[in-house]
Amino acid sequence: MRPFFFLKVRKGIDYQVFNPVDNTEYVVNYIGYRILEQCDGTRTPEEISDSVSRDFGLAKPDAVDYVSVFLDEMHRLGMIAWRQEKFDYYRNWRAPSTVFWDITGECNLRCVHCYNFEGKQHENELSTEEVKRALEEMSAFGVKSVSFSGGEPFMRKDMLEIVHHASDLGIGSVGVSTNGILVDRDIARQLTAANLNVQISIDGDNAEIHDMARGVKGAFDGAVRGIKLLLEEGVNASVCTTASKWNVERIPNIIQLMQDLGVKNYRVQGVVPMGRGKMNAGDLRLTPGRMKELVEYLENKKITVSSYNVTLKPPPADPVNFCDSGVCSAASSVCSITPEGNVVPCTYFWGLNGENLRDHTFQWIWENSAVLNYFRSIRLNDIKGLCRDCKWLLVCHGGCKAENYSNGDIFESSRSCWVAEETRQKLFNPVSGQGTGAISKQITSREELITV
């Protein structure tokens, strides 16, 4: 087994690691830092132990124990993944079909489910010229679609200049995801001129529910006003709802509201518990069974939903070849860019140690990034737990890697899939539904320091 460390270490007086899995900053000592440097997906723990023994003058058994305890703790916290095989580099991998770009961290709302828990402008966000240069690199490389988000993208004063530049480059589809509050008549007309696709989020059929989810009073009225302006100006406007315990019963009413407004494209997505979504997961996330009911309802209405709806269809007849790719779209056909210019597998993996657009061209990063190539190397053989034996593994690939990552292990059984949950209930809650007590979760203090 070979460990791979996902995150960045910030070097100062000490060595700090921010873990987006639990929104906690950890401190590692120097030996821990040197161990993490070698968790590159190619070395075994034995090889790392040999290096620690040699570099720090430790007896081999002591070094083995030290490395073992440290790696176990880092894996428990979700900062390290384990695979049996070395990962490969796929430098001739086709260009991504879509790049999702969080163009700024600054936002005028405080949505309870957002992965961006700070909602403020990040340090060293890319300048207008840096963004334009990267767009030119993407266009030359063959990227077909770019979708800007945030934060709130229109908090950037140069947002219209950026989207016009992307459109002028001939990128096939240019989109903006916005909360709609800052959209006025002039912005709507300029978006029409750039032939953009614009998505606005609506999380309730009234101000009480939507504003509660979005954290600011007036958010609902601003979003509806923005939708009306976009449609009046002929912009290709769509709406997305994040389904949660707060609004799931109101989704039929939201659908009716969209029909009344004249919205043609509507979709629903689940909560991925990262950032504020992690902090509020217990209050927000639907149970897998409730999500199944919602998906069945939406499927009947032919409304797109990002979930495990593949399991509503018969499983594939072909046997599973565990050498087949186990990757989702992350780093395969899509990637994401953070406000600072780090290229990561998908939006929810914003905290990973991605290469930066200030240091390399987009094509170089796409072909040479260790993080991106690690994801492309994932095989069905890496999938663990209940998903490994599932009849739908061939098409599901173990589900959304970001959702699994939010629970601490990208290869572990999905906590959102109703097939996995039904299997889990049969195994661990055979009669009472209260569990056997054989499995317990270790709780770690948020202030805990990783030291050995």
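What you see is a predicted model, and the numbers here were worked out from it, not measured in a lab.

Procedures and definitions
Residues numbered from 1 in each chain as written. Predicted model: local features only at pLDDT ≥ 70, side-chain atom pairs only at ≥ 80, totals over all residues. Heavy atoms only, no water. Helix = DSSP H or I, 4+ residues; strand = E, 2+ residues; numbered from the N terminus. Rg over C-alpha atoms; globule rule 2.2 N^0.38 Å. Buried < 20%, exposed > 50% of the residue type's maximum accessible area, 1.4 Å probe, protein only. Contact = heavy atoms within 4.5 Å. Areas by Shrake-Rupley, 256 points an atom, 1.4 Å probe, with all protein chains shown as cover. Lys, Arg positive; Asp, Glu negative; His and termini not counted. Charge placed at Lys NZ, Arg CZ, Asp CG, Glu CD. Core = buried A, V, L, I, M, F, W, Y, C linked by side-chain atoms within 4.5 Å. Polar contact = N/O pair within 3.5 Å; in protein donor to acceptor, adjacent residues only side chain to side chain. Pairing = 2+ DSSP bridges. Axes fitted to C-alpha atoms, helices over the stretch in contact; angles between N-to-C directions. Phe/Tyr/Trp six-rings, centres within 6.5 Å; stacked < 30°, edge-to-face > 60°. Lys NZ or Arg CZ within 6 Å of the ring centre and 35° of its normal. 1 Å grid on protein atoms, 1.4 Å probe; cavity = no way out; pocket = protein on both sides within 12 Å on 5 of 7 lines; lining within 4 Å. Points joined across faces, edges and corners; volume = space filled by probe spheres on them.

**Q** Explain the overall build of the protein here, please?
**A** A count of helices and strands for the protein gives 18 helices and 15 strands. Taking 452 residues into account, the globule formula puts the C-alpha radius of gyration at 22 Å, and the protein, at 23 Å, falls close to it. Each of the 452 residues in the protein was classed as buried or not, and the buried ones make up 54%. The contacts in the protein between residues at least 6 apart in sequence include a share of 73% that link residues at least 24 apart. Roughly 20300 Å² of accessible area belongs to the protein as shown, and the carbon and sulfur atoms make up 49% of that amount. Charge separation in the protein, taken as the distance between the mean sites of 50 positive and 58 negative side-chain charges, equals 3 Å.

**Q** Please explain the nonpolar core as it appears in this structure.
**A** Most often, soluble globular proteins keep nonpolar side chains buried together rather than apart. If you look at the biggest cluster of nonpolar residues, it comprises 119 residues, and the most contacted ones within it are Trp101 and Phe148. For Phe148, the residues in contact, after removing those within four places along its chain, are Trp101, Ile103, Leu135, Pro153, Met159, Ile162, Val163, Ala166, Val174, Gly175, Val176 and Ser177. Grouped together as the second largest cluster of nonpolar side chains are 5 residues, Cys107, Leu109, Cys114 and Ala219 included.

**Q** How should the environment of Arg267 be read in this particular structure?
**A** Mapping Arg267 onto the fold places it in strand β11 (residues 265-269). Of the residues examined, Arg267 reaches a relative accessible area of 25% and is grouped as partly exposed. Once the C-alpha coordinates of Arg267 and Glu355 are considered, the two residues, 88 residues apart in sequence, prove to be 32 Å apart. Residues in contact with Arg267, not counting those within four places in the same chain, are Gln199, Val239, Cys240, Thr241, Ile303, Thr304 and Ser306. Of note is the side chain of Arg267, whose polar atom sits 3.5 Å from the side chain of Gln269.

**Q** Help me out: how do you make sense of the sheet that holds strand β3 (residues 15-19) in this one?
**A** Sheets are built from strands paired through backbone hydrogen bonds, the pairs being either parallel or antiparallel. Spatially, 3 strands are ordered β2-β3-β4 in an open sheet, and the strand pairing comes out antiparallel. Edge positions in the open sheet fall to β2 (10-11) and β4 (24-28), since each of these has one partner strand only. Sitting on the sheet, helix α1 (residues 30-37) touches β2, β3 and β4, and the angle it makes with β4 is about 105 degrees.

**Q** What is the right way to read the sheet that holds strand β7 (residues 145-149) from this model?
**A** Overall, mixed pairing links the 10 strands, which are arranged β12-β11-β10-β9-β8-β7-β6-β13-β14-β15 in an open sheet. The sheet is open, and its two borders are formed by β12 (304-306) and β15 (355-356), each paired with just one other strand.

**Q** I keep staring at the packing of aromatic side chains and nothing clicks. Help me out?
**A** Think of a pair of aromatic rings as described by two things: how far the centres are apart, and how the planes are tilted against each other in angle. By the definition in use, this model includes 19 aromatic pairs. Ring centres 5.4 Å apart and planes at 70 degrees place the aromatic pair Tyr90 and Trp93 in the edge-to-face group. Here Tyr90 matches Trp93 in class, with each residue buried. Cluster of aromatic residues (ring-pair linked, three or more members): Phe4, Phe6, Phe87, Tyr89, Phe349, Tyr374, Phe375 and Tyr405. The aromatic ring of Tyr374 is capped on one face by Arg83, whose charged end is 5.8 Å from the ring centroid. Positioned over the ring face of Phe322 is Arg388, at 4.6 Å from the centre of the ring.

**Q** Would you mind going over the layout of surface pockets with me for this structure?
**A** Empty space among the atoms can be located by rolling a probe the size of a water molecule over them. Taken as a whole, the second largest pocket spans an internal volume of roughly 870 Å³. Lining the second largest pocket are 30 residues, with Arg10, Glu118, His122, Glu340 and Trp350 sitting closest to its centre.

**Q** Sorry if this is basic, but what is going on with the pairing of strand β1 (residues 2-5) here?
**A** Every regular strand shows the same layout, with side chains that alternate between the two sheet faces. In β1, alternate side chains face the same way, and those of Arg2 and Phe4 on one face and Pro3 and Phe5 on the other are all buried. Bridge count between β1 and strand β5 (residues 80-83): 4 bridges; the pairing is antiparallel. By the bridge assignment, Arg2 is partnered in β5 with Arg83.

**Q** Explanation requested: empty space enclosed by the protein in the structure shown.
**A** Tallied over the full model, the rule gives 2 cavities of 30 Å³ or more. In this model, the largest cavity occupies a volume close to 60 Å³. As for the largest cavity, its lining consists of Val112, His113, Asp203, Ile209, Ala213, Thr242, Ser244, Trp246, Asn247, Val271 and Leu284. In this structure, the second largest cavity spans a volume of roughly 40 Å³. If you go around the second largest cavity, the residues you meet are Cys107, Leu109, Arg110, Cys111, Cys114, Asn116, Gly119, Gly151 and Arg276.

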